[in-house]
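Commentary on secondary and tertiary structure
Listed below are the residues making up each chain.
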Amino acid sequence: PKTWPLVGSIPEMLLNIGRIHEWTTDQLLASPTLGTYQTCGICIPFINNWRRSFTTVTCHPKTLEHILRTKFHNYPKGPTWQDTFADVLGNQGISYVTGEEWNLLRKIVVPVLAKSRLHPALDRWVNPTIKNDLLPILDKASKHNISVDLQKLMTCFGTDNIFGIALGKKLKTLLNPDDPVAVAMDTIFKYAFRRFFYPDFLWKFMRFFSIGSEGSLKKSLHILNNVITEAQEECSNINKDETCDYLLRAFTRKVQVNGHILPSSAITGTIRDILLAGRDSVSTSASWFLWLIMNDPRVDRKIVREIIMILRKTRGKDMNGSKVTNFIEKPCDQETQDQWTEEPLSYEEINSLVYLHATLLESLRLYPAVPRIVRYAICDDILPDGTYVPAGSDIMLSLYSVGRMKSVWGEDCLEFKPERWLSADETRIDMPEDGYKYAAFNGGSRMCIAKYLTYLEMKSAASAILLRYKLSPVPGHQVSQQLSFTLSMKDFKVNLKPRDLSEFGIRR
Ligand code: HEM
């Protein structure tokens, strides 16, 4: 990008702030290495060190692998990130700490969220939230022709699920969006992000005197911490032998791992990280996913058809009452439709949805909920494409841009095409050999701990919504990206019509 004396590329970035991820992609596409460029921010000689404002921006899968795996120890999150977010994330939580403490936390948390352990999370939290809270809201909206903001609803859905899964608490923000905890979470996201735009001395001054946005941030963190501490106290009174089905319980059982005792602040910090990370990421991904489907009737039909095929196998009955074994069936009548839509899909049903899974991967390729991550170079380094990275500078990985590179995903990289994730006969998922081509959940040792939980939550919500309703855009409403930690939309207004499944009773 164009770089000016003293202010670097800041003016051009500010001009493009409303489309910052697109702009970054444009710069990466124009770079001679097709995937890496270097730039700098405000740099005033004798006042700040040029290395602190120098940034390497990249999206090439080989470079991502180099930073996230091969040279993992040379690229931590760095002092600026730590200084800015220590109080928000808790300086002993999983996303903040490094070294042995971090290994220990991952050893506790990762197994609890492993794919094979998520069945109870679906039955106890996700599906009841869909059935009792989300669907009644959508039913009412479709009956009365009222449009809904799906981004907002999905944020409440993500919040309710993550509070259940992490703390064993029913928050029910779908029914009560003004719940003080939900409002506190909103405030934390909004004002913590604002720190990027204020000079350090200003927000630190405001924090010290608890004024303005920093005052609200402090209060909101206090509200969230109180909820976690209360849950910790309740949890310590529960019989230790009871089945452990939420994250906090896993901590009380495994406070000591390999002789290391975990401090209570590490547990609080990690739970806080999980509550914050597990909310907007899911709502953002679900919103882009549903937006893409709403605008692509071919994919919409294919998804509903696949769900029906699965339901015919698992819930279907023919005229004589016996289970249907083949899918070439009569049109779906109202009674069957009612039976199939009474309960959200079960764990086994969800795991049989191959096309839906491909659609999810495709939407995360184009719209990764975390669009960029930043690392810091401890020592000088040379990237695989020959770029020199000076010690003490930042390196930004644009996860948003990876999916938009023709050199990585081919000429049709901007097309929404779930089939690219499927085997030729479309019966199974074919992941790319180079795992760093798909980096939505990060890669290497700091990979997201909740990839499978996210898939499960999203497939469950998407199948429930798409089986029951046909979505259409609200005339005149355009979605746009909101500047935030995640790629969230400003709002996502849709109209819903009950889905008529009778048209799906045709031969394959
Ligand atoms: C579509 C949904 C999600 C996406 C795209 C996503 C993406 C990511 C990415 C890119 C990172 C790496 C961040 C970095 O190192 O700078 C990350 C880390 C993390 N994610 Fe997720 N995430 C999602 C959902 C979730 C959920 C539902 C949870 C909570 C259960 C969660 C918890 C975490 C935590 C705790 C970390 C830090 C791990 C560590 O540093 O060891 N994420 N996620």
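So, a few notes on the structure that sits alongside this text. (Residues numbered from 1 in each chain as written. Predicted model: local features only at pLDDT ≥ 70, side-chain atom pairs only at ≥ 80, totals over all residues. Heavy atoms only, no water.)

To continue, consider the site of the ligand. In the vicinity of the ligand, 27 residues are found, and the nearest of them are Arg-106, Ser-285, Arg-375, Arg-446 and Cys-448. Within the side chain of Arg-106, one N or O atom sits 2.6 Å away from an oxygen atom of the ligand. Side-chain polar atom of Arg-375 to an oxygen atom of the ligand: 2.7 Å apart, as the coordinates give it. In terms of residue count, the dominant contributor to the shell around the ligand is helix α13 (residues 264-294) (six residues). For the shell around the ligand, the per-class residue count stands at 17 nonpolar, six polar and four charged. When residues of the shell around the ligand are assigned to domains, at least three map to each of domain 1 (1-70 + 371-414) and domain 2 (71-370 + 440-504). (Near = heavy atom within 4 Å. Polar contact = N/O pair within 3.5 Å; in protein donor to acceptor, adjacent residues only side chain to side chain. Helix = DSSP H or I, 4+ residues; strand = E, 2+ residues; numbered from the N terminus. Nonpolar A, V, L, I, M, F, W, Y, C, P; charged D, E, K, R; others polar. Domains from an automatic or database assignment.)

Before going further, it helps to examine the sheet that holds strand β1 (residues 36-40). Taken in spatial order, the four strands make up an open sheet running β1-β2-β9-β6, and their pairing is mixed. Each edge of the open sheet is held by one strand with a lone partner, namely β1 and β6 (372-376). Here the strands of the sheet are splayed against their neighbours by 25° on average, with no regard to which way each runs. Contacts between helix α2 (residues 20-30) and the sheet are confined to β1, β2 (54-58), β6 and β9 (394-398), with β1 contributing the most and set at about 115° to the helix. Along the sheet, helix α4 (residues 61-70) makes contact with β1, β2, β6 and β9, crossing β9 at roughly 125°. (Pairing = 2+ DSSP bridges. Axes fitted to C-alpha atoms, helices over the stretch in contact; angles between N-to-C directions. Contact = heavy atoms within 4.5 Å.)

The next thing to look at is the packing of aromatic side chains. Under the counting rule described, the total for this entry stands at 19 aromatic pairs. Seen from their ring centres, Phe-85 and Phe-196 are 5.5 Å apart, and the 70° between their planes marks the pair as edge-to-face. Taken together, the residues span a long stretch of sequence, with Phe-85 in helix α5 (residues 79-89) and Phe-196 in the loop between α9 (180-194) and α10 (200-208) at a distance of 111 residues. Ring centres of Trp-291 and Tyr-367 lie 6.0 Å apart, and the angle between their planes is 90°; on these two criteria the pair is classed as edge-to-face. A residue pair is termed long-range when its members are at least 10 positions apart, and Trp-291 in helix α13 and Tyr-367 in the loop between α17 (354-366) and β6 qualify at 76 residues. Every member of this aromatic cluster is reached through a ring pair, and the members are Trp-81, Phe-85, Tyr-96, Phe-189, Phe-193, Phe-196, Phe-197 and Phe-485. The residue whose ring lies beneath Arg-404 is Tyr-367, and the NZ or CZ to ring-centre distance is 5.1 Å. Of note, Lys-437 hangs over the ring of Trp-409, and the distance from its end group to the ring centre comes to 4.6 Å. (Phe/Tyr/Trp six-rings, centres within 6.5 Å; stacked < 30°, edge-to-face > 60°. Lys NZ or Arg CZ within 6 Å of the ring centre and 35° of its normal.)

Moving on: the pairing of strand β11 (residues 493-498). Where strand β3 (residues 148-149) and β11 come together, two bridges link them in antiparallel fashion. Bridge pairing links Asp-149 to Lys-493 in β11. Here five bridges tie strand β10 (residues 469-473) to β11, and the two strands are oriented antiparallel to one another. Note on β11: the bridge partner recorded for Tyr-469 is Pro-498.

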